[in-house]
Amino acid sequence: IGKLEIYKGCITFVKAMINALQKGIKVHGIMIGEGSQSNEILNLINKHKFNTSFSLIGNIKHEDIFGYHQISDLYISLNHLGNLSNTNLEAVKFGQVIILPKKLFTDTDGEDTELFGEENVLWIKNPSDIEGLVNHIQNISLDKNYLKKYKNNILKVAKLIPSWDQRINSEIKLLEKLVEN
């Protein structure tokens, strides 16, 4: 969900999904957003003839995101810059099982693990860890209890995260204070 840019890991996501599909894992990838990598994503998918295994959705309204979380077993973020984005927090709030990179290409290493917890998120080494991503997808495809365990765990974390409106209102108040000063 978001911009289809290199730093969001969208090409890595497509390559991992193609790898999983080539291993015979039944999976369908949904990508929401637009960006400079859109054509490369389409070319990769077409090259490997997996057109029916991906849904590329353009930009959507915030209120429409919930429907995509409802039809998905898994939310994957390969953002190179951080795991604390609004889209990731929303996925947690919706009780979505998520895969996140432990080591980012920034100086926040370790902070995200503390916030989300070691056992509440499916972690991969870094945003380029295709093998780790495919392993999690394969584990989920082989054992739905694996998915259920993480769903139960993330629901506990979800209770601790303020809603979208609460977060946005806090950010507005912070910006208003900055403007006042």
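See the structure shown above.
Predicted, not measured: the structure shown is a model, and the values here were computed from it.

## Quick look at the overall build of the protein chain
- Check the secondary structure of the protein chain and you find 8 helices and 5 strands.
- Relative to the 2.2 N^0.38 estimate, which gives 16 Å for 181 residues, the radius of gyration of the protein chain is 17 Å and therefore close to what a compact globule would have.
- The dimensions of the protein chain, computed from C-alpha atoms along their principal axes, are 55 × 35 × 30 Å.
- For the protein chain, buried positions account for 41% of its 181 residues.
- A separation of at least 24 residues holds for 70% of the contacts in the protein chain among residues at least 6 apart in sequence.
- Summing over all exposed atoms, the protein chain offers an accessible surface of approximately 10400 Å²; the carbon and sulfur share of this is 52%.
- Taking the average place of the 21 positive charges on the side chains of the protein chain and the average place of its 21 negative ones, the gap between the two points comes to 7 Å.

## What about the nonpolar core?
- Phe13, Val14, Ile41, Phe54 and Ile137 are the most contacted members of the largest nonpolar core, which totals 30 residues.
- Going through the elements one at a time, helix H1 (10-22), helix H2 (38-47), strand S5 (122-124), helix H6 (130-142) and helix H7 (144-158) are the ones with two or more residues in this core.
- A total of 9 residues in this core trace back to one element, the largest contributor, which is H1.
- Leaving out residues up to four positions away in the same chain, Phe54 has contacts with Phe13, Val14, Met17, Ile18, Leu21, His28, Gly29 and Ile45.
- The next biggest cluster of nonpolar side chains, apart from the first, holds 13 residues, and it includes Ala91, Val92, Leu100 and Val157.

## Describing the sheet that holds strand S3 (residues 75-76)
- Within the open sheet, the 3 strands sit side by side as S3-S4-S5. Their pairing is parallel. The sheet is open, and its two edges are formed by S3 and S5, each paired on a single side.
- Where S3 meets strand S4 (residues 98-101), 2 bridges bridge the pair, whose relative direction is parallel. Its bridge partner being in S4, Ile76 is matched across the sheet by Ile99.
- Sheet strands touched by H6: S3, S4 and S5. Its angle to S5, the strand with the most contacts, is close to 155°.

## Looking at the environment of Leu115
- Tracing the sequence through the fold places Leu115 in helix H5 (residues 111-116).
- Residue Leu115 is classed as partly exposed on the basis of its relative accessible area, which comes to 48%.
- Through-space distance from the C-alpha of Leu115 to that of Leu84 is 9.3 Å; in sequence the pair is 31 residues apart.

## Structural notes on H7
- Here H7 spans 21 Å end to end across 15 residues, near enough to the 21 Å set by a 1.5 Å rise per residue.
- With a side-chain oxygen lying 3.0 Å from the backbone nitrogen of Asn145, the N-terminal cap of H7 falls on Asp143.

## Some words on the pairing of strand S1 (residues 29-32)
- Judged from the 4 bridges that link them, S1 and strand S2 (residues 54-57) form a sheet pairing that is parallel. Its bridge partner lying in S2, Ile30 is registered against Ser55.
- Note on the crossover from S1 through H2 to S2: the handedness is right-handed.

The rules we used
Per chain, residue numbering runs from 1 following the sequence as it is written. The predicted origin of the model limits local features to residues at a pLDDT of at least 70 and limits the giving and counting of side-chain atom pairs to 80 or more, whereas totals for whole chains, interfaces and linings rest on all residues. Working from all heavy atoms in the structure, the side-chain values ignore hydrogens and water. Segments assigned H or I by DSSP are reported as helices when at least four residues long, segments assigned E as strands when at least two residues long, and all are numbered from the N terminus. Radius of gyration: C-alpha atoms only; globule rule: 2.2 Å multiplied by the number of residues to the exponent 0.38. Relative accessible area decides the class of each residue, using a 1.4 Å probe on protein chains only: under 20% of the type maximum gives buried, over 50% gives exposed, and in between gives partly exposed. Between two residues, a contact is recorded if the distance between any of their heavy atoms is within 4.5 Å. Here, Shrake-Rupley sampling with a 1.4 Å probe gives the accessible areas, and only protein chains in the shown set may cover a residue. A residue counts as positive if it is Lys or Arg and as negative if it is Asp or Glu; His and the chain ends are not included. By convention, charge coordinates are those of NZ in Lys, CZ in Arg, CG in Asp, or CD in Glu. Among the buried residues, those of types Ala, Val, Leu, Ile, Met, Phe, Trp, Tyr and Cys that are joined through side-chain atoms within 4.5 Å form a nonpolar core. Strands were regarded as paired on the criterion that DSSP finds at least two bridges between them. To get an axis, fit a line to the C-alpha atoms, keeping to the stretch in contact for a helix; angles then go from 0 to 180 degrees between the N-to-C directions. Residue count minus one, scaled by 1.5 Å, sets the expected span of a helix. What qualifies as a polar contact is a pair of N or O atoms within 3.5 Å, subject to a donor-acceptor requirement within protein and to the restriction that residues adjacent in sequence count only when both atoms come from side chains. A right-handed crossover is one whose linking path, passing over the helix from the first strand to the second, runs clockwise when the strands point away from the viewer.

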